[in-house]
Amino acid sequence: MKKSLTTIGGARLPVISLNTLVIGSGAAALNAAVCLHEQGVEDIAIATEDWEAGTSRNAGSDKQTYYKLSLAGELPDSALRMAVDLFAGGSMHGDIAYTEAQNSARAFFHLVELGVPFPHNRYGAYVGYKTDHDSRQRATSAGPLTSRLMVEALGREVKKRGIPVLDRHMVITLLTHARKEARKVIGAVAIDQKNIREDGCGFVLFNAVNIVLGTGGPAGIYKASVYPESQLGSHGLAFAAGAVTQNLTESQYGLASLKFRWNLSGTYQQVIPRYISTDARGGDEREFLNDYFPDMGRLATAIFLKGYQWPFDPTKVEDYGSSLIDILVYQETVFRGRRVFLDFRRNPSGGGKLKEFDFRLLSPEALTYLERSGALLPTPLERLAKMNPPAIEVFKAHGIDLAGEPLEIGLCAQHNNGGFRGNLWWESNIRHLFPVGEVNGTHGVRRPGGSALNSGQVGSMRAAFYIARRYGAKPPTVKAFLAQAQAEAGETLDSARKMLDAKCRDSDHIARTRLEIQERMSTCGAAIRDPEKVKPAVGEAWSLYSRLKSELKVRSVKELPAAFRNLDLCLTHALYLEAIHEYLSRGGKSRGSYLVLDPAGTRPCPELGEEWRFSLNPRPSFVDHKILEVSLDSRGRVVKEWVDIRPIPQEDSWFENVWEDFREGRIIRGEEE
Ligand SMILES: Cc1cc2nc3c(=O)[nH]c(=O)nc-3n(C[C@H](O)[C@H](O)[C@H](O)COP(=O)(O)OP(=O)(O)OC[C@H]3O[C@@H](n4cnc5c(N)ncnc54)[C@H](O)[C@@H]3O)c2cc1C
């Protein structure tokens, strides 16, 4: 890494030249940096807006899951079997599923070697359990904070290897250069938030051969969100550079607590808390679920099942299924403006046509589970204390005493299955740009729980391998870099300077604009999608974006990072809404983790109003047999393309042939070959 200075637009700016810039400090980005270094690519640095931020470091759940090839137990497993299960989620490319499966054990043991305490027995068997959409026992967990333990282990290795970390550097532009048809990334512009001054606005230029983009999920576009507050996402960067996305329509939503963002899966539901709603000020308390369920047995069983069936799923609504609860929570909070809470202090109470809560009313599955756990205890809290005491402690540590107060909840965005498209080596259509982790959308409609963490580790390892073999060159001279990058870097600086207006009196507009984006997405582009609302929302999103581009003002340079972030989030939400609109206009109905309202469909239950009619995708349907790709072209126009789903490859696995290909360097091919 070499540092120099250059002058752009009259400002003296630092230029950092290096082989690979890794952006972000989540599990995927850190693994990319460690793997690059292990592979001998040492001219690298990590630029992160905040070392302590991001989903990996700050999110977790009841038992945060890591999905990998089954390595113990009686059920035989193979990478092909695992690929088949990943592929079965729908709208996922088969070659990517196969690659994620084939490399999962290697990526997993890499973490084990770095010290992540995944449990094993005395024979060294890394035993697993079954997660959702999993035919074997492929899931493992290091506890509620698995991803945090991963970043801590990877972070220690980054430090040990002396990989430079440029903390508080927020990247705002990817610099690209087009040669013939192919566009490649050549660097980036970041704001050094510790050194923001008037003249250069804190800008730092990166002259890089490769960029690994590990900026995480698009959390900042949602109001109802269980992503940690520190995670906002930066998809707008890569959109603006022309990177192609896939499956943006596919995200996971589920019930989560709001005051402290935590997803309420597993034992939080299996102990069968009481669901209550109140008016905005906390009065008029009601057990609103009682109006919709025909008897206490089905209500209590649906709550119990929500534990295993955490993400909202429109196929689990019918016949008073567990996902009916998500719809009812959404109706109370979004349509009726009420607040919903889980009360662990009391059992659901009967009344009207519902009997009082009694274990004997539960389904045999729920009753046996509680019985075997020794949890047939009087209150939900006592059951939780018996089955999972850390689940209570997590809230205590964040100032919430489940014994003293009910827990406010909402139907929240948790994970984006889609994102930027990568090839087998996680390289995007923009050459030398490698999106890894959640920003890379390898998953399709459904995915096994825990496969997000596997995908992030496999993808970052593959990117590192490819860079080490093919893209290990030194960066160009600063002069050569500037010949290609100066104009774009200068434009970014100009736009920052145009935003600066010492007379700007509207100190609230950054927060207001962000709320507008988030409310639009949570109302139109999240778990419940009304085609009548999506169409106007697309127009509103673009009109906000053009207003921001021309009118966005801030009083001081210190506000520039937030202003650039709003531009990024605004562009991101416009493209997500474009994708949703395109899906709906191709006849797409409910699937994955969202419900599409459809007057010609059926009601979720007879007790819900006509406005709730919905239908699932018919089989076969156009949208289920394709993958939707969305991008911006070089003139800023939205490009939407439905592409065929690639099957799982039938590779020639004859050893001598593979050996020859390997010896001759033919196993590594890029998109151009
Ligand atoms: C509540 C919850 C529970 C989950 N449970 C599971 C689970 O059980 N199993 C599973 O597989 N997955 C789970 N997930 C998903 C999984 O945790 C995430 O997908 C994964 O941690 C994302 O890792 P990442 O490295 O891609 O991004 P992150 O960890 O989010 O890191 C992104 C990084 O990029 C930085 N950054 C962003 N923009 C910029 C910029 N412009 N410039 C510089 N830096 C930037 C951020 O500060 C951060 O350091 C869960 C998610 C949530 C929210």
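Now for a look at the structure at hand.

Basis of the calculations
- Residues numbered from 1 in each chain as written.
- Predicted model: local features only at pLDDT ≥ 70, side-chain atom pairs only at ≥ 80, totals over all residues.
- Heavy atoms only, no water.
- Salt bridge = Lys/Arg side-chain N within 4 Å of Asp/Glu carboxyl O.
- Helix = DSSP H or I, 4+ residues; strand = E, 2+ residues; numbered from the N terminus.
- Buried < 20%, exposed > 50% of the residue type's maximum accessible area, 1.4 Å probe, protein only.
- Near = heavy atom within 4 Å.
- Polar contact = N/O pair within 3.5 Å; in protein donor to acceptor, adjacent residues only side chain to side chain.
- Areas by Shrake-Rupley, 256 points an atom, 1.4 Å probe, with all protein chains shown as cover.
- Nonpolar A, V, L, I, M, F, W, Y, C, P; charged D, E, K, R; others polar.
- Pairing = 2+ DSSP bridges.
- Phe/Tyr/Trp six-rings, centres within 6.5 Å; stacked < 30°, edge-to-face > 60°.
- Lys NZ or Arg CZ within 6 Å of the ring centre and 35° of its normal.

Comments concerning the pattern of salt bridges
Note on pairing: side chains with opposite charge can pair once their charged atoms come close.
And then number 1: Within this structure, the stated rule accounts for 41 salt bridges.
And then number 2: Across the pair Arg148 and Glu152 runs a salt bridge, and its minimum N-O distance is 3.1 Å. Of the two residues, Arg148 and Glu152 both sit in helix 6 (residues 146–160), four residues apart, roughly one turn of that helix.
And then number 3: Measuring nitrogen to oxygen at the nearest pair gives 3.2 Å for the salt bridge that ties Arg338 to Glu332. Here the two residues Arg338 and Glu332 agree in accessibility, since each one is buried.

Looking at the site of the ligand
And then number 1: Neighbouring the ligand are 38 residues; Thr55, Ser56, Thr65, Ser234 and Glu438 lie closest to it.
And then number 2: Here a nitrogen atom of the ligand and a backbone polar atom of Glu49 are 3.0 Å apart.
And then number 3: Measuring from an oxygen atom of the ligand, one finds a side-chain N or O atom of Gln231 at 3.4 Å.
And then number 4: Here the ligand loses 97% of its free accessible area of 1000 Å² to cover by the protein chains.
And then number 5: Elements represented by at least two residues in the shell around the ligand include exactly helix 1 (27–38), strand 3 (44–48), helix 2 (55–58), strand 7 (169–179), strand 15 (407–416) and helix 14 (451–470).
And then number 6: Of the residues assigned to the shell around the ligand, the class counts are 12 nonpolar, 22 polar and four charged.

Here we look at the pairing of strand 7
And then number 1: In terms of burial, strand 7 is a largely internal element, eight of the 11 residues being buried.
And then number 2: By the bridge criterion, 10 bridges tie strand 7 to strand 8 (residues 182–192) in an arrangement that is antiparallel. Bridge pairing in strand 8 links Arg179 to Ala182.

Let's talk about the packing of aromatic side chains
And then number 1: Within this structure, the stated rule accounts for 29 aromatic pairs.
And then number 2: Taken together, a centroid distance of 5.4 Å and an interplanar angle of 20° make the contact between Phe260 and Trp262 stacked.
And then number 3: Geometrically, the ring pair formed by Tyr330 and Trp612 is edge-to-face, given 6.4 Å between the ring centres and 85° between the ring planes. Here Trp612 lies in the loop between strand 19 (595–602) and strand 20 (626–632) and Tyr330 lies in helix 10 (residues 323–335), a separation of 282 residues in the sequence.
And then number 4: By relative accessible area, Tyr330 is classed as buried at 5%.
And then number 5: Members of the aromatic cluster, connected to one another through ring pairs, are Tyr66, Phe108, Phe109, Phe118 and Tyr126.
And then number 6: Over the face of the ring belonging to Phe465 we find Arg469, whose NZ or CZ atom lies 3.9 Å from the ring centre.
And then number 7: Above the ring of Tyr594, the side-chain terminus of Arg529 is found at 3.8 Å from the ring centroid.

Purely geometric numbers; function is a separate question.
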